[in-house]
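One letter stands for each residue in the lines below.
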Amino acid sequence: MKKGYLVLADGQVFPGLRFGAETETVGELVFTTGMCGYVETLTDPSYAGQIVMQTYPLIGNYGVIPQDFEGECRVKGYVVREPCGHPSNFRCGGDLESFLKERSIPGLYGVDTRQLTRIIRESGVMNAMICDEVPADLEPLKHYAVTGVVEAVTRREPAVFPAEGDLRFRVALLDYGAKNNIIQELRKRGCEVTVLPASTAAEDLLARKPDGVMLSNGPGDPAENVYQIEQIQKLLGTLPLFGICLGHQLTALAAGGKTYKLKYGHRGVNQPVRDLNGPRTYITSQNHGYAVDGDSVARGRVSFANANDGTCEGLDYPDLRAFTVQFHPEARGGPLDTAFLFDRFVDLMKGGNL
């Protein structure tokens, strides 16, 4: 067992033990509250540029299950209280440490994750590094920023995924860091899904003559993606459109709205969301550090709101045949209470109204 350190940008140092790759790393430290789903967390491209800390104390007990991967592992580092070195599950395809080593992801355990979570909740997300020796100069750490991550995680070439069963619709999915289960939810509803790189021009997408457009989740500051916002502006009103997470934020920006950075974000599988069009409150899975200012989107109406802090969790654009949500209706692992939103998208492609 090799000693290591988690060093925060404000100078606080947390000793621990190294696991995974024996490299050093710098990233934005965030926490996620899921009691399960660490495989999906590690393979969610939306965590690009970040050191992820699990608040649940035991991680790795059911191993690594490749069938549950959401995408490529893009985290900068991984911090847990206690890793399990001997997992037990009939689907297990490997252990957590081997997974991290194979992908050159450094990890740290034996850290007081409760205290770290309190620090982030009070001070906000901050940069951190996993290292073997505490550096004398923290300036490089303080100046780290998560930038250019959509371009880093998107597909380089289009890919087509056939519908399950009878073909009903063709959907163009713009990949800003798409999770695999977005594709699966569409496919099992009879949609052929063409996944396109984030750099795809609106004209090229429309030339494929899809029945609807899906905007995926993804990492980073939404306002940084100027080109993608311009393409969405061209797409709005031309075809039914459904956006999730970063896709929700980019659509709001394309419609003239504003986004802002949250103090510590929403990351976990237990985020309560109120349906403003009905009596229900849903438990949702979320992973985002930015939010939309709902009042700033003149062309949209807020459809969902976070029951904890009141932030905008969804927008409808009735005159544009578009709707978006901040949470993940396709969540794995997490609640599937809002999977009906994919049915809503299918109905919109049928010619229905919001």
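Refer to the structure printed above.
Residues numbered from 1 in each chain as written. Predicted model: local features only at pLDDT ≥ 70, side-chain atom pairs only at ≥ 80, totals over all residues. Heavy atoms only, no water.

Visitor: Quick rundown of the overall build of the chain? Include the residues and the values.
Guide: Each helix and strand counted, the chain has 10 helices and 19 strands in total. A compact globule built from 354 residues would reach a C-alpha radius of gyration of about 20 Å, and the chain, at 20 Å, matches this within 12%. Burial statistics for the chain: of 354 residues in total, 58% are counted as buried. Long-range pairs, those at least 24 residues apart, make up 74% of the contacts in the chain between residues at least 6 apart in sequence. (Helix = DSSP H or I, 4+ residues; strand = E, 2+ residues; numbered from the N terminus. Rg over C-alpha atoms; globule rule 2.2 N^0.38 Å. Buried < 20%, exposed > 50% of the residue type's maximum accessible area, 1.4 Å probe, protein only. Contact = heavy atoms within 4.5 Å.)

Visitor: Residues and numbers for the nonpolar core, please.
Guide: Counting residues in hydrophobic clusters, the biggest one holds 38 residues, and the most contacted among them are L6, L8, L29, Y78, L100 and L116. Setting aside chain neighbours within four positions, we find L100 in contact with F19, G20, A21, L42, Y78 and I105. Membership of the second largest hydrophobic core comes to 29 residues, among which are L196, I229, V297 and L320. (Core = buried A, V, L, I, M, F, W, Y, C linked by side-chain atoms within 4.5 Å.)

Visitor: I'd like a rundown of the sheet that holds strand β16 (residues 281–293), residues and numbers included.
Guide: Ordered by their spatial adjacency, 10 strands build an open sheet running β10-β12-β11-β13-β14-β19-β18-β17-β15-β16, and the pairing between neighbours is mixed. Here the strands that pair on one side only, and so sit at the sheet edges, are β10 (159–161) and β16. Taking each pair of neighbouring strands and ignoring which way they run, the sheet shows an average axis angle of 20°. Judged from the 3 bridges that link them, strand β13 (residues 212–215) and strand β14 (residues 241–244) form a sheet pairing that is parallel. Residue pairing in the sheet places M214 in a bridge with F242 of β14. (Pairing = 2+ DSSP bridges. Axes fitted to C-alpha atoms, helices over the stretch in contact; angles between N-to-C directions.)

Visitor: Tell me what's going on with helix α6 (residues 180–187), and back it up with residues and numbers.
Guide: Taking burial as the measure, the 8 residues of α6 include 6 buried ones, the bulk of the element. Buried within α6 are the following residues: N181, I182, I183, E185, L186 and R187. Against β10, β11 (169–175), β12 (191–197), β13, β14 and α10 (340–350) lie the buried residues of α6.

Visitor: Break down helix α8 (residues 226–235) for me, citing the residues and quoting the values.
Guide: Taken together, the buried positions of α8 are Q228, I229, Q231, I232 and L235. Looking down the long axis of α8, one finds its buried residues gathered within 160° of arc, a one-sided arrangement. Tucked into the core, α8 has its buried residues touching α5 (149–153), β11, α7 (202–207), β13 and α9 (246–254). (Arc of directions from axis to C-beta.)

Visitor: Any chance you could break down the pairing of strand β9 (residues 126–131) for me, citing the residues and the numbers?
Guide: Most of β9 is tucked away: 6 of the 6 residues are buried. Across the two faces of β9 the burial is the same, with M126, A128 and I130 and N127, M129 and C131 all buried. Across 4 bridges, strand β1 (residues 3–8) lies against β9 in antiparallel orientation. Within the sheet, the bridge partner assigned to L6 lies in β9 and is I130. By the bridge criterion, 5 bridges tie strand β3 (residues 25–32) to β9 in an arrangement that is antiparallel. If you follow L29 over to β9, its bridge partner there is M126.

Visitor: Please give an account of the sheet that holds strand β8 (residues 106–109) that cites residues and values.
Guide: Judged by pairing direction, the barrel is mixed, and its 7 strands sit side by side in the order β1-β2-β8-β6-β4-β3-β9 before closing back on the first. Strand-to-strand twist of the sheet, defined as the mean angle between neighbouring strand axes without regard to direction, takes the value 35°. Two strands pair when backbone bridges link them, and strand β6 (residues 77–79) and β8 are joined in this way by 2 bridges, in the parallel orientation. If you follow Y78 over to β8, its bridge partner there is G107.

Visitor: An account of the environment of E70 is requested, with residue identities and associated values reported.
Guide: Of note, E70 is situated in the loop between β5 (58–59) and β6. When its relative accessible area of 0% is taken as the criterion, E70 is described as buried. Other than its neighbours up to four places away in sequence, E70 contacts E40, T43, D44, A178, K179, N180, N181 and R332.

Visitor: Outline the side chain of Q228, supporting the account with residue identities and numerical values.
Guide: Here Q228 is to be found in helix α8. Among all residues touching Q228, those that are not within four sequence positions of it are E151, Y176, A198, S199 and L250.

Visitor: Provide a residue-level description of the side chain of T154, including the pertinent values.
Guide: As for its placement among the helices and strands, T154 is situated in the loop between α5 and β10. Judged by relative accessible area, T154 falls into the buried class, the value being 10%. The contact partners of T154, leaving out residues within four places of it in the chain, are D175, L196, P197 and A198.

Visitor: Break down the pairing of strand β19 (residues 322–325) for me, citing the residues and quoting the values.
Guide: Of the two faces of β19, both are covered, the one formed by A322 and T324 as well as the one formed by F323 and V325. As judged from the 4 bridges shared by β14 and β19, these two strands associate in the parallel manner. Among the inter-strand pairings, L241 is bridged to a residue of β19, identified as A322. Taken together, the 4 bridges between strand β18 (residues 312–317) and β19 define a ladder with antiparallel strand orientation. Across the sheet, residue D316 finds its bridge partner in β19, namely F323. Between β18 and β19, which pair antiparallel one after the other, the connecting turn spans 4 residues, and R321 there sits at a positive phi close to 55°.

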